2 protein chains.
Amino acid sequence: MAQKPSIPKGTRDFNPEQVSKRNYIFQKIRTVFETFGFQPIETPSFENSETLMGKYGEEGDRLIFKILDSGDYLSKVDDSVYTIKDSNKLTSIISEKALRYDLTVPFARYVVQHQNEIEFPFKRYQMQPVWRADRPQKGRFREFYQCDADVVGSQSLWQEVEFVQLYDAVFSSLKLDGVTIKINNRKILSGIAEVIGAHDKLIDFTVALDKLDKIGEEKVKEEMLSKDIPQSGIDKLKPLFSLQGSFESQMHTLKTILASSKEGIKGIEELEFINNAISTLGLETASLQLDVTLARGLNYYTGAIFEVSAPKEVQMGSVGGGGRYDDLTGIFGLKDVSGVGISFGLDRIYLVLEELALFPETITKTIDVLFINFGEKEALFSLKAIKHLRENNIHAELYPDAAKMKKQMNYANKRKVPFVVLVGEEEMKSNTYTLKNMVSGTQEALNLKELINHII
Amino acid sequence: MAQKPSIPKGTRDFNPEQVSKRNYIFQKIRTVFETFGFQPIETPSFENSETLMGKYGEEGDRLIFKILDSGDYLSKVDDSVYTIKDSNKLTSIISEKALRYDLTVPFARYVVQHQNEIEFPFKRYQMQPVWRADRPQKGRFREFYQCDADVVGSQSLWQEVEFVQLYDAVFSSLKLDGVTIKINNRKILSGIAEVIGAHDKLIDFTVALDKLDKIGEEKVKEEMLSKDIPQSGIDKLKPLFSLQGSFESQMHTLKTILASSKEGIKGIEELEFINNAISTLGLETASLQLDVTLARGLNYYTGAIFEVSAPKEVQMGSVGGGGRYDDLTGIFGLKDVSGVGISFGLDRIYLVLEELALFPETITKTIDVLFINFGEKEALFSLKAIKHLRENNIHAELYPDAAKMKKQMNYANKRKVPFVVLVGEEEMKSNTYTLKNMVSGTQEALNLKELINHII
């Protein structure tokens, strides 16, 4: 009995239209990455387990897909260990490789491993799939692409400025106008925590603050209180919760709150530098906005924090994010490598472009012209023309069988072919091709040169 | 203690130059695929184990990378099974997913699963990595890309004709002149086996014949004899071993040998059809050659068999191969779907292009122009110009730090930047940019428009 075919949950097949649309996004991002001087690297799909394990917290470790060792892997397992029948213990013995969970840790590993071949500052981009054993749900997959750009080896704030420009350039080139690039700075969050007497509770504080949009001011305060942040401190947050207006006026408020925190003031200066530069340079279609609630789960950012929101008319959340980290490669033994990087959320960008009908129409057109097959001689005659068309980069195809006209025309319609060519006795005699426009229905007899010019 | 970073054996990191060179090959192949009317699909990196297992023979099953189930996978294992401590038995319980081993089986699964959305004949291409737990050796990796194009749903021999053209078009566009497209037909092999009384030993016969190039006539005969192919039959092969000359004259010899085999004659007719069409249509740089010893391990080909050899001056073996199969999707319950497909060997093509120095020089150039950073004001002034350059698709970069001139110029040299721009007090005053040609060493002061025109 034949198997009913299916794919693992959380994974996807992509049909030709979907691949074309995804490649359209990749290509736009790649082009901008390269005009900004980023260079592509690629790393293996699986890494040694010790490279990945312990880098994403306990939850992360659980979500990493482990690869079973080949051969008689149980022969390596001591009986005394085997009899315990403990999945975790066994895994560490029978699996030495794991699928990458993100592109950041493999990048850090790459930088350390190849440090002697790399020119620093190193501007790299990477667009590859990652895998997570997460519970699949709408918009969350077990296999998905990440598109990352990072610069390592420079603490210059010009990098942050350029990343704001880069986001603007990518989304502008995708014709996705009106995205908001939200920016914050870890030092500001530290400063606030310091000022409200929660310096040792920075993570609890930022995790709670990060939820402001979702659960509202009261609930955030409750959560902070439950984490032993003093009421007197929470009271000092009042101006923060109602922060609005221009970038500059918000900065002004923040300065007042953070006056006593050296670190906080440093964070403000960094933000001002970036904002001033962007004001001078201008953005095409995006806007830069301060968002002090922005913390982004991952707690390894040390300076700027970025997040990009889709235009308000689509309910999508963030379509990108990133930030500055001071110690990317320390885990692999290379100290003091500061970096800053950003990421694009391909799947969400895809959904947004789909919802706003921003994919160019030409994407769904797969072939430019189909030659109807009337028989052996006609097909050979057709292939001579097809060869020339293809050399002119026209996507041309011969229907492979001399099937009924109706069947062939039906195929042309289904594949949305704009032109078909009919070649019969008469055409072969006069060395012409009858071109039929599938939209208007008109037909005309053309020689090869005219044919090419008509379709191109 | 920090880990010394490494990657699993048989896998590779690709640096920017390597990625660019690989993408150059992918892009050439993709462009030709698309002008021939092929459409891209993508399938998940891992499939359900039952989709893959049993499709590649016993050896194949062993070489498939299995993914460990998440969570407490041992809780699913019955104690009575567990105590046997048998790796194979355990695998089937604790691993339900596996990394794809090739693109053919996932494609067959895709066709069956999506048969109602597909227009047949379906011309698809797919370029994705595959994984094999093979012993790594020179040129053989555990993760590598396959680039496949297949047509399913038509028995037309025009497909074979077009694949010969496609190979020619791809290698011509890669400027790799002089490849040989070898062609054979399974029906001819069957016919010969029939004629020499080895009809029930077709696989033994073809496996031995396939080795003619490597081990020579005598050893091939010995192997056949050892497989119980009668001496009288082997004697009939004499004309086969010395087959040479033009396609047509070889066909003539074959017809004599195969006169009594209906299937063999059918195979000859098919080859003649393809050869006649190609003779009429012509090839750009490749040549088509009959090779009756060509069998290609995989025994699922039923008609044409292709293999492409690199030009003789490089010792590389095949850079591509493929053929006609009559039942791709039967294993998944869809009968009578004939197909024909070919594949490109990316890694070998890469090595050949490298050896023959056929990669365009521009590939190693990563940025067009570097702006030297003399300080904050100068950097901001530079970024205004950089913005315009990038909009004109020029790859431009600002050195992020106001480091010593020597250090910045050193970086420019290491990255092989053809131009650097110097912006100091004077340039800002006169609104110009001093462009230095890194090859000739000459410098000139230019306004923005001139700068763009100079670099573009």
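Numbers given to residues run from 1 along each chain, matching the order in which its sequence is written. To label them, take the chains in the order written and letter them from A, then take the ligands in the order written and number them from 1. With the structure being a predicted model, the display of local features is reserved for residues of pLDDT at least 70 and the display and counting of side-chain atom pairs for 80 or more, all residues being used for whole-chain, interface and lining totals. Calculation of side-chain values draws on the structure's entire complement of heavy atoms; hydrogens and water are dropped beforehand.

Under an unreviewed UniProt entry, the name given to chain A is Histidine--tRNA ligase, and the organism recorded is Gaetbulibacter aquiaggeris. UniProt positions are given in the numbering used here, feature names are shortened, and annotations may be inferred rather than shown by experiment. According to its UniProt record, chain A has this under Subunit (unreviewed entry): "Homodimer."

Caption draft 1: View of the overall build of chain A. Here a helix means four or more residues in a row that DSSP labels H or I, a strand means two or more in a row labelled E, and each is numbered from the N terminus. For chain A, the count of helices and strands is 19 helices and 16 strands. Since a compact globule built from 456 residues should have a radius of gyration of about 23 Å, the 29 Å found for chain A marks it as more spread out than a globular shape. Taken along the three principal axes of its C-alpha coordinates, chain A extends 95 × 70 × 45 Å. Per-residue accessibility, obtained with a 1.4 Å probe over protein chains only, is compared with the maximum for each type, and a residue is labelled buried under 20%, exposed over 50%, and partly exposed between these values. Burial analysis of chain A (456 residues in total) assigns 58% to the buried set. Sequence-distant contacts, at least 24 apart, represent 69% of the contacts inside chain A between residues at least 6 apart. By element, 48% of the accessible surface of chain A is carried by carbon and sulfur atoms, the whole surface being about 19600 Å². We compute the radius of gyration over the C-alpha atoms and compare it with the globule rule, which gives 2.2 Å times the number of residues raised to the power 0.38. Here a residue-residue contact requires only that any non-hydrogen atoms of the pair lie within 4.5 Å. Residue burial considers only the protein chains on display, and all accessible areas are found by Shrake-Rupley using a 1.4 Å probe.

Caption draft 2: Summary view of the packing of aromatic side chains. Each Phe, Tyr or Trp ring, with Trp reduced to its six-membered ring, pairs with another whose centre is within 6.5 Å; inter-plane angles below 30 degrees give stacked pairs, above 60 give edge-to-face pairs, and intermediate values give tilted ones. Summed over all chains, the structure comprises 37 aromatic pairs over all chains. Plain terms: the ring middles of tyrosine 167 of chain A and phenylalanine 344 of chain A are 5.0 Å apart, the flat faces sit at 65 degrees to each other, and that makes the pair edge-to-face. Taken together, the residues tyrosine 167 of chain A in helix H7 (residues 158-173) and phenylalanine 344 of chain A in strand E11 (residues 339-344) connect sequence positions 177 residues apart. You'll find tyrosine 167 of chain A and phenylalanine 344 of chain A in the same group, each marked buried. Among the aromatic side chains, those forming a connected cluster through ring pairs are Phe33, Phe38, Tyr125, Phe163, Tyr167, Phe171 and Phe344 of chain A. Above the face of the phenylalanine 141 of chain A ring, arginine 12 of chain A is positioned so that its terminal group lies 3.4 Å from the ring centre. It is lysine 123 of chain B that lies over the ring of phenylalanine 38 of chain B; its NZ or CZ is 5.0 Å from the centre. We count a charge as sitting over a ring when the NZ of a lysine or the CZ of an arginine lies within 6 Å of the ring centre and within 35 degrees of the ring normal.

Caption draft 3: The arrangement of helix H15 (residues 346-355) of chain A in detail. All names here are of chain A. For H15, the set of buried residues is Leu346, Asp347, Ile349, Tyr350, Val352 and Leu353. Structurally, H15 contributes buried residues whose contacts are with helix H1 (16-35), strand E6 (143-152), H7, strand E10 (318-325) and E11. Following H15 by one or two positions, alanine 357 has its phi on the positive side, about 55 degrees.

Caption draft 4: Representation of unusual backbone geometry in the model. Here the bond from phenylalanine 120 of chain A into proline 121 of chain A is cis, since omega is -5 degrees, no more than 30 degrees from zero. As for its position among the elements, proline 121 of chain A is in the loop between helix H6 (104-113) and strand E5 (122-131). In the Ramachandran plot, asparagine 393 of chain A falls in the positive-phi region, its phi being about 65 degrees despite a non-glycine side chain. In this fold, asparagine 393 of chain A is placed in the loop between helix H16 (376-391) and strand E13 (396-398). Unlike most non-glycine residues, aspartate 336 of chain B shows phi in positive territory, near 60 degrees. Along the chain, aspartate 336 of chain B falls in the loop between strand E10 (318-325) and strand E11 (339-344).

Caption draft 5: Structural context of the interface of chain B and chain A. Facing the 109 residues of chain B at the interface are 109 residues of chain A. For any pair of parts, buried area is found by adding up, for both, the accessible area (1.4 Å probe) each one loses once the two are put together. Taking both partners together, chain B and chain A bury about 9500 Å²; carbon and sulfur atoms supply 57% of that area. The rule for a salt bridge is simple: a side-chain nitrogen of Lys or Arg has to be within 4 Å of a carboxyl oxygen of Asp or Glu. For the pair chain B and chain A, the interface holds 12 salt bridges. In this structure, lysine 85 of chain B engages aspartate 79 of chain A in a salt bridge whose closest nitrogen and oxygen atoms are separated by 2.8 Å. At eight residues, helix H16 (residues 376-391) of chain B tops the list of elements feeding residues into the side of chain B that touches chain A. For this classification, Asp, Glu, Lys and Arg are treated as charged, while Ala, Val, Leu, Ile, Met, Phe, Trp, Tyr, Cys and Pro are nonpolar and the rest, including Gly, are polar. Of the residues contributing to the side of chain B that touches chain A, the split by class is 46 nonpolar, 33 polar and 30 charged.

Caption draft 6: The arrangement of the environment of glutamate 450 of chain A in detail. Residue and element names in this part refer to chain A. Relative to the assigned elements, glutamate 450 resides in helix H19 (residues 448-455). As a C-alpha pair, glutamate 450 and tyrosine 433 span 17 residues in sequence and 9.3 Å in three-dimensional space. In protein, a polar contact requires one atom able to donate a hydrogen and another able to accept it; more generally it is a pair of N or O atoms within 3.5 Å, and residues adjacent in sequence count only if both atoms are side-chain atoms. At 2.8 Å, the side chain of glutamate 450 forms a polar contact with the backbone nitrogen of asparagine 447.

Caption draft 7: Structural view of the side chain of lysine 201 of chain A. Residue and element names in this part refer to chain A. Among the structural elements, lysine 201 can be located in the loop between helix H8 (186-195) and helix H9 (202-210). A polar contact of 3.5 Å, which involves the side chain of lysine 201, links it to the backbone oxygen of aspartate 228. Leave out the neighbours within four places in its chain, and lysine 201 touches Lys227, Asp228 and Ile229.

Caption draft 8: Representation of the domain arrangement of chain A within the structure. Residue ranges assigned to the domains are those given by an automatic or database domain assignment. Domain annotation of chain A identifies domain 1 (16-64 + 101-355) and domain 2 (365-455). Here the C-alpha centroids of domain 1 of chain A and domain 2 of chain A sit 51 Å apart.

Caption draft 9: Structural context of the sheet that holds strand E14 (residues 419-422) of chain B. Residue and element names in this part refer to chain B. Only strands that DSSP links by at least two bridges are regarded as paired with each other. Across the sheet, which stays open at both edges, the five strands sit in the order E13-E12-E14-E15-E16 with mixed pairing between neighbours. Every interior strand has two partners, whereas the edge strands, strand E13 (396-398) and strand E16 (443-446), have only one. For this sheet, the mean inter-axis angle between neighbouring strands, taken without regard to orientation, is 25 degrees. Examined bridge by bridge, strand E15 (residues 433-437) and E16 share four bridges and lie antiparallel to one another. Looking at E16, one finds that leucine 435 is bridged to glutamate 444. In this analysis, axes come from line fits to C-alpha atoms, helices being fitted only over the stretch in contact, and the angle between any two N-to-C directions falls in the range 0 to 180 degrees.

Caption draft 10: Broad picture of the nonpolar core. Judged by nonpolar contacts, the single largest core of 125 residues is most densely connected at Phe205, Leu254 and Phe344 of chain A. Take this core: its biggest share by element is eight residues, from H7 of chain A. Ignoring any residue separated from it by four or fewer positions in sequence, one finds phenylalanine 205 of chain A in contact with Leu189, Ile192, Ala193, Ile196, Met224, Ile229 and Leu237 of chain A. Within the second largest apolar cluster, 124 residues are counted, among which are Phe107, Val179, Ile183 and Ala193 of chain B. For this analysis, a nonpolar core means a set of buried residues of the types Ala, Val, Leu, Ile, Met, Phe, Trp, Tyr and Cys, connected via side-chain atoms within 4.5 Å.

Caption draft 11: Seen up close, the sheet that holds strand E7 (residues 180-185) of chain A. Residues and elements named next belong to chain A. Strand order in the open sheet formed by eight strands is E1-E5-E6-E11-E10-E9-E7-E8, with mixed pairing between adjacent strands. The two strands at the open ends of the sheet, each matched to only one other strand, are strand E1 (39-40) and strand E8 (287-290). Pairing geometry for strand E9 (residues 304-309) and E10, over five bridges, is antiparallel. In the sheet register, glutamate 307 faces E10, and the bridge partner there is glycine 321.

Caption draft 12: Fine view of the pairing of strand E9 (residues 304-309) of chain B. Residues and elements named next belong to chain B. The element E9 is largely enclosed, with a buried count of six among its six residues. Inspection of the sheet shows strand E7 (residues 180-185) paired to E9 by six bridges, in the antiparallel sense. Opposite isoleucine 183, over in E9, you have phenylalanine 306 as the bridge partner.

Caption draft 13: The arrangement of the side chain of arginine 22 of chain A in detail. Mapping arginine 22 of chain A onto the fold places it in helix H1. Look past the residues within four positions of arginine 22 of chain A in its chain and what remains in contact with it is Arg12, Phe14, Tyr145, Leu346, Asp347 and Tyr350 of chain A.

Caption draft 14: Representation of the packing of helix H14 (residues 262-281) of chain A against H16 of chain B in the model. Orientation of H14 of chain A relative to H16 of chain B, taken along the N-to-C sense of each, is 45 degrees, at an axis distance of 10 Å. The angle between the axes of H14 of chain A and H16 of chain B places the two elements in the oblique class. The two elements H14 of chain A and H16 of chain B cross, and the hand of that crossing is right-handed. For the pair H14 of chain A and H16 of chain B, contact is made by Phe273, Ala277, Thr280 and Leu281 of chain A and by Glu376, Leu380, Leu383, Lys384 and Lys387 of chain B, respectively. A class-by-class count of the residues in the contact of H14 of chain A with H16 of chain B yields five nonpolar, one polar and three charged. Each angle is binned into one of four classes, with values under 35 degrees roughly parallel, values over 145 roughly antiparallel, values of 65 to 115 roughly perpendicular, and all other values oblique. It is the rotation of the near helix from the far one that decides the hand of a crossing: anticlockwise by less than a right angle makes it left-handed, clockwise makes it right-handed.

Caption draft 15: Seen up close, the pattern of salt bridges. Under the definition given, this model contains 58 salt bridges over all chains. Of the charged contacts, one joins glutamate 218 of chain A and lysine 221 of chain A as a salt bridge, the two residues approaching to 3.9 Å between their closest N and O atoms. Highlighted residues: glutamate 218 of chain A and lysine 221 of chain A, both in helix H10 (residues 212-226), separated by three residues, approximately one helical turn. Across the pair aspartate 200 of chain B and lysine 201 of chain B runs a salt bridge, and its minimum N-O distance is 3.8 Å. Members of the salt-bridge network, linked through shared partners, are Lys123 and Glu162 of chain A together with Arg390, Glu397 and Arg415 of chain B.

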